[in-house]
Amino acid sequence: MLPNSEVWTVLRGRASVAQSTPPLHGETIKHEVAMGDLFVAAGGANISIDDAESDFVVRRLAETCAHNRHAQIMELKLLDQGDAH
């Protein structure tokens, strides 16, 4: 239903994440997330991070946020920077 949804993973810290529900944005859903959690950022949603710890780090998973076959380019860039796992 939402083709541009992304999967995010929490690498460090904790936070409260709120996102609206597209396409009308009439409802906001809140989640408490912590290290190791995965969540789906719905395509077109308005996302806000509330009450995050100072070390809160999130990574969007390249395969889910790349369109038009850009996932490989994104991963190669991470490898070049030494950030890939």
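Predicted model only: the values in this text are computed from it and were never measured.

Draft legend 1. Expanded view of the side chain of Thr9. Among the structural elements, Thr9 can be located in strand β1 (residues 6-12). With residues near it in sequence (within four places) discarded, Thr9 still touches Asp37, Leu38, Val57, Val58, Arg59 and Leu61.

Draft legend 2. Expanded view of the sheet that holds strand β6 (residues 57-60). Pairing is antiparallel across the open sheet formed by three strands, whose spatial order is β4-β1-β6. Both edges of this open sheet fall to β4 (38-41) and β6, since each of them pairs with a single strand only. For this sheet, the mean inter-axis angle between neighbouring strands, taken without regard to orientation, is 35°. As paired strands, β1 and β4 are joined by four bridges and run antiparallel to one another. Bridging from a neighbouring strand, Trp8 pairs with Phe39 of β4.

Cut-off values and rules
Residues numbered from 1 in each chain as written. Predicted model: local features only at pLDDT ≥ 70, side-chain atom pairs only at ≥ 80, totals over all residues. Heavy atoms only, no water. Helix = DSSP H or I, 4+ residues; strand = E, 2+ residues; numbered from the N terminus. Contact = heavy atoms within 4.5 Å. Pairing = 2+ DSSP bridges. Axes fitted to C-alpha atoms, helices over the stretch in contact; angles between N-to-C directions.

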